[in-house]
Amino acid sequence: MSDFVLQLLGGLSYATTLFLMASGLSLIFGVTRIVNFAHGSFFMLGALFAAHWVTNWFPSWGESAPLYLLAMLLGAACAAAAGALAEFFLLRRMLGAPELYQLVATFGLSLAMHDAMLWSFGPGEVFAPRFPGLSGAIAIGPNFFPSYQLVLIALGPLVWLGLHLLLKHSLFGLRLRSATQDPQMLAALGVNPKPLMLGAVVLGCALAGLGGALLMPREPANLQMDMSVIVETFVVVVTGGLGSIGGAFLAAVLIGLVHAFGIIWFPQSTLVLVFLTMAVVLVWRPLGLFGLKPSVIHGPREAAQIFRGLAISAGWNSLFAFVFALLCLLAWLGGPYWQTLVADALVLMIFGLSLQLILALGGLVSFGHAAFFGLGAYGAALSNSLWGANLPLALATGCAAALVVALLFGAAVIRSNGVYLAMLSLALAQVIWAGATQWVDLTGGDNGIIGLTLVSPFSRPFFYTGLVGLALLAVFGLRLLARSVLGGALQALRDAPLRAAASGLPVGWLKYRIFVVSAVLAGLAGGLFAANKGAVFPTVASVSTSVDALLVLLLGGVHQLWGAVVGSSLLSYASAVLGREVTYWRGLLGVLIMILMVSAPSGLLPLLARLRPKQGAEKVLG
């Protein structure tokens, strides 16, 4: 019985941290309609600032309870100040942008903040002292529970009550709620909504920073805190319902308890249980426990897009394909460095095209497409390492693994769209990543599967040629699909889903078909990755892999036939150069991502089209 009580208290204590994060994220989303992927960075900033304050800068503060508490509040204030800068320079410029662009822009912000903190605080962990006066424990049967965590349990409801009073019984809260529902009407009544949005972002980031600072006496502060906490925060926010503080509170308690008891019953699958809980809730209630209505959640719809490049003549397409193949040939003749670089770019290109299928044609937002890439990679790797499968059989196994999961997962989530579908896809990717990391007996865990013999030195030229052919085949397959009746129906439901359904189109079935096709193509790309590298690690299913595919499309142009070709080439080359020449290359990449999302969210190809004479551009780009 005492063990049960200990786990219950531990779950409630962890729920407080999750709620502080989730309430801030919900507050920001409720006012700005922006899902802030960098919210974990503000959590990490608050923890690192407060930990350094009481450990390295002013160690005497760690011996006094009031000064220790003041250091925690300073950590929250530091996060709030950083949030104000982020709101002024980035978030207000992303208002009204499609959700995908907002996610990618704030992901770039998280990269920039990570390297900024690496430069400021250094790479090491910081072990802060225990909170003065709360370093002991209370007895629960034969066991003991830390006193400090009991205080945290009481803090969660107090924060919820404070937010409730602020939002429901203050002028600031009244105007904030008005800005949430109709900012244009509020502006028409003479209230400038920009200070309200700034206030919401500052308050949300302060809550995140406070959550990080409160964690300081329990765990060391380090530079990996952001990614681990942001994923579970997304789970809480989506499970509770976007924009709902009360929903975030209940979901935080639910996820905290699942996390605590999962450690006892399924110690190797804790993360999987957390995401399965979210998936079950969303399948039952697609908007979460207390999600706002779609008419309230969704901002302005993205304007109808024209898929460019379909009207390019056969002659121009042949010329593009010839130049593409010629450049690949020159890269092969350039030596091992260029061969490796171009082979990586070709795999990334096929992966990007798989995402373009659902994003550009079906309008389905995925932030976890790496799930199918990882399944394809591990399917090919395991078939080779366990059964000695050759390259074609290994690729078929990887595609089959992606197909099976896509059939099951797609059937469950195809009703969702927008941010919810993005979060569900992210959840699937995290489950695959957690399985690859924790199922050590099968996958090797973090050590991965190495020594694959799918491509030998003798067959390397044929494999390279096959990669070039598959990449071109994928591009022309996309063109053929976009010009077909199926492609036209998909673009119709993307731009006007209600009208498409009223016209008799089987909307759900069409989305399901393109989703499955896209997953299989991603699985093929994953299998090719395993064959090319000769090894597979859990990172193939990580968030960064999903973002790579998104960047490929956003660089070249989501609605451009040759966008993935241009995007994968630029991203592969830039990553190689930045990784070799620049120490803080992730931060620089993050800055470039933010600039791109603000200045040219449609990609680089449309910019090139603007430089051409109008008549010539229309003729070439279609």
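What you see is a predicted model, and the numbers here were worked out from it, not measured in a lab. For every chain, the first residue of its written sequence is number 1, and the numbers climb from 1 along that sequence. A pLDDT threshold of at least 70 governs which residues receive local features in this predicted model, and a stricter bar of 80 or more applies before side-chain atom pairs are shown or counted, although totals over entire chains, interfaces and linings include all residues. The side-chain figures draw on all heavy atoms in the structure; neither hydrogens nor water molecules are used.

Caption draft 1: Focus on the overall build of the chain. Only DSSP runs of H or I with at least four residues qualify as helices, and only runs of E with at least two residues qualify as strands; both kinds are numbered from the N terminus onward. A tally of helices and strands in the chain yields 27 helices and four strands. Overall, the C-alpha framework of the chain stretches about 75 × 60 × 50 Å when taken along its three principal axes. A buried classification covers 55% of the 622 residues belonging to the chain. Taking the contacts inside the chain whose residues are at least 6 apart along the sequence as the reference set, 80% of them involve residues at least 24 apart. Per-residue and other accessible areas were derived by the Shrake-Rupley procedure at a 1.4 Å probe size, with only the shown protein chains allowed to occlude residues. Of the accessible surface of the chain, which amounts to about 26100 Å², a share of 70% is contributed by carbon and sulfur atoms. Burial classes: relative accessible area under 20% of the type maximum marks a residue as buried, over 50% as exposed, and values in between as partly exposed (1.4 Å probe, protein chains only). Here, two residues are considered to be in contact whenever any of their heavy atoms come within 4.5 Å of each other.

Caption draft 2: Geometry of the pairing of strand 1 (residues 137–140). Pairing of strand 1 with strand 2 (residues 143–146) involves four bridges; the strand directions are antiparallel. From the neighbouring strand, Ala139 faces strand 2, where its bridge partner is Phe144. When DSSP finds two or more bridges between a pair of strands, those strands are recorded as paired. Where strand 1 folds back onto strand 2 in an antiparallel hairpin, the turn is made up of two residues, including Gly141, whose phi is positive at roughly 65°.

Caption draft 3: Expanded view of helix 17 (residues 418–438). To estimate the expected span of a helix, subtract one from its residue number and multiply by 1.5 Å. Spanning 21 residues, helix 17 covers 30 Å between terminal C-alpha atoms, matching the ideal 30 Å at 1.5 Å per step. Helix 17 sits mainly inside the fold: 17 of its 21 residues count as buried.

Caption draft 4: Inspection of the packing of aromatic side chains at higher detail. Classification of ring pairs rests on two measures: the distance between centres of Phe, Tyr or Trp rings, Trp counted by its six-membered ring, which must be within 6.5 Å, and the angle between planes, read as stacked under 30 degrees, edge-to-face over 60 and tilted in between. For the structure on display, the rule yields 28 aromatic pairs. Ring centres of Trp53 and Trp61 lie 5.4 Å apart, and the angle between their planes is 65°; this geometry places the pair in the edge-to-face category. Of the two residues examined, Trp53 and Trp61, each falls in the buried class. For the pair Phe58 and Trp61, a centre-to-centre distance of 5.9 Å together with 40° between the ring planes defines the contact as tilted. Classification of Phe58 by relative accessible area gives partly exposed; the value is 37%.

Caption draft 5: Inspection of the packing of helix 14 (residues 336–361) against helix 23 (residues 543–556) at higher detail. Running from N to C, helix 14 and helix 23 point in directions that differ by 75°, and their axes come no closer than 9 Å. When the interaxial angle is binned, helix 14 and helix 23 end up roughly perpendicular. Residues Leu348, Phe351, Gly352, Leu355, Gln356 and Leu359 of helix 14 pack against Thr545, Asp548, Ala549, Leu550, Val552 and Leu553 of helix 23. Considering only residue class, the contact of helix 14 with helix 23 consists of eight nonpolar, three polar and one charged. The axes used here are C-alpha line fits, helices contributing only the stretch in contact, and every angle between their N-to-C directions lies in the interval 0 to 180 degrees. Orientation labels follow simple angle bins: below 35 degrees gives roughly parallel, above 145 gives roughly antiparallel, 65 to 115 gives roughly perpendicular, and whatever is left gives oblique. Each residue gets one label: Ala, Val, Leu, Ile, Met, Phe, Trp, Tyr, Cys and Pro are nonpolar, Asp, Glu, Lys and Arg are charged, and the others, such as Gly, are polar.

Caption draft 6: Broad picture of the side chain of Thr239. Inspection of the secondary structure assignment puts Thr239 in helix 9 (residues 225–240). Among the residues examined, Thr239 registers a relative accessible area of 0% and is labelled buried. Setting aside its immediate chain neighbours within four residues, Thr239 contacts Ala251, Leu254, Met278, Val281, Gly288 and Leu289.

Caption draft 7: Local environment of the pattern of salt bridges. The salt bridge definition used is simple: a Lys or Arg side-chain nitrogen within 4 Å of an Asp or Glu carboxyl oxygen. Taken as a whole, this structure holds two salt bridges when the rule is applied. In this structure, Lys533 and Asp344 form a salt bridge, with 3.1 Å as the shortest nitrogen-oxygen distance. Of this pair, Lys533 sits in helix 22 (residues 507–533) while Asp344 sits in helix 14, placing them 189 residues apart in sequence. Given the relative accessible area of 24%, Asp344 is considered partly exposed.

Caption draft 8: The arrangement of the packing of helix 2 (residues 39–57) against helix 9 in detail. Taken N-terminus to C-terminus, the directions of helix 2 and helix 9 make an angle of 130°; their axes are 8 Å apart at the nearest point. Between helix 2 and helix 9, the angle falls in the class oblique. Helix-helix and strand crossings are classified by hand; for helix 2 and helix 9 the assignment is right-handed. Counting all contacts with helix 2, which are made through His39, Gly40, Ser41, Phe43, Met44 and Ala47, the residues of helix 9 involved are Met225, Asp226, Val229 and Ile230. Looking at the contact of helix 2 with helix 9, its residues break down into six nonpolar, three polar and one charged. Here is the rule for handedness: rotate from the far helix to the near one, and if that takes an anticlockwise turn smaller than a right angle the crossing is left-handed, while a clockwise turn gives right-handed.

Caption draft 9: Fine view of helix 16 (residues 391–413). Here helix 16 spans 32 Å end to end across 23 residues, near enough to the 33 Å set by a 1.5 Å rise per residue. Three or more residues of helix 16 are buried, namely Ala394, Leu395, Gly398, Cys399, Ala402, Ala406, Phe409, Gly410 and Val413. Elements in contact with the buried residues of helix 16: helix 15 (370–387), helix 17 and helix 22. Under this definition, polar contacts are N or O atom pairs within 3.5 Å; protein pairs additionally need one hydrogen-donor-capable and one acceptor-capable atom, and for neighbouring residues in sequence, both atoms have to be side-chain atoms. N-cap assignment for helix 16: the residue whose side-chain oxygen lies 3.1 Å from the backbone N of Leu393 is Asn390.

Caption draft 10: The arrangement of the confidence of the model for the chain in detail. In the predicted model, the chain carries a mean pLDDT of 83, and 93% of its residues have values of at least 70. The predictor's confidence in any single residue is recorded as pLDDT, a number from 0 to 100. Taken together, the stretch residues 616–622 has pLDDT below 50 and engages in 14 contacts with residues farther than four places along the chain or on a different chain.

Caption draft 11: Broad picture of the nonpolar core. Among the buried residues, those of types Ala, Val, Leu, Ile, Met, Phe, Trp, Tyr and Cys that are joined through side-chain atoms within 4.5 Å form a nonpolar core. Of all hydrophobic cores here, the largest spans 211 residues; its most connected members are Phe42, Phe324, Leu346, Phe367, Phe372 and Met597. Among the elements that make up this core, the one with the highest residue count is helix 14 (15 residues). In terms of nonpolar packing, the next biggest core, distinct from the first, is built from five residues, Leu6, Leu9, Ile140 and Ile153 among them.

Caption draft 12: Region of the structure containing the environment of Val191. As for its placement among the helices and strands, Val191 is situated in the loop between helix 7 (183–188) and helix 8 (193–215). On the basis of relative accessible area, Val191 is assigned to the buried category, the value being 18%. Residues Val191 and Ala179 lie twelve residues apart in sequence; the distance between their C-alpha atoms is 9.3 Å. With sequence-adjacent residues up to four places away left out, Val191 is seen in contact with Arg175, Leu186 and Leu196.

Caption draft 13: Molecular detail of the environment of Val468. For Val468, the position within the fold is in helix 19 (residues 460–483). Dropping the residues within four chain positions of it, Val468 is found in contact with Phe324, Cys328 and Leu346.

Caption draft 14: Summary view of a nonpolar patch on the surface. A contiguous nonpolar surface patch, about 870 Å² in accessible area, is contributed by Trp316, Leu319, Phe322, Val323, Leu326, Leu327, Leu329, Leu330 and Leu333. Assessed through its relative accessible area of 63%, Leu333 is described here as exposed. For patch building, the residue pool is restricted to those with more than 30% relative accessible area and no salt bridge; the joining distance is 9 Å between like charges and 5 Å between nonpolar side chains (Val, Leu, Ile, Met, Phe, Trp, Tyr).

Caption draft 15: The side chain of Asp115, seen in detail. When you line up the elements, Asp115 lands in helix 4 (residues 99–121). Among buried charged residues, Asp115 stands out as having no salt bridge; its nearest opposite-charge side chain is Arg586, 5.1 Å away. In this view, Asp115 contacts Tyr584, Trp585, Arg586 and Gly587; residues no more than four positions away in its chain are not counted. All tallies of charge rest on Lys and Arg as positive and Asp and Glu as negative; His and the ends of each chain are not included.

Caption draft 16: Expanded view of the environment of Met113. Mapping Met113 onto the fold places it in helix 4. The spatial distance from the C-alpha of Met113 to the C-alpha of Ser41 is 6.6 Å, given a sequence separation of 72 residues. With sequence-adjacent residues up to four places away left out, Met113 is seen in contact with Ser41, Phe42 and Leu45.

Caption draft 17: Region of the structure containing the state of the cysteines. The rule for a disulfide is simple: a pair of cysteine sulfur atoms within 2.5 Å. Across all of its chains, the model carries zero disulfides by this definition. Counting only cysteine sulfurs, Cys78 is the nearest neighbor of Cys205, a cysteine outside any disulfide, at a range of 11 Å.

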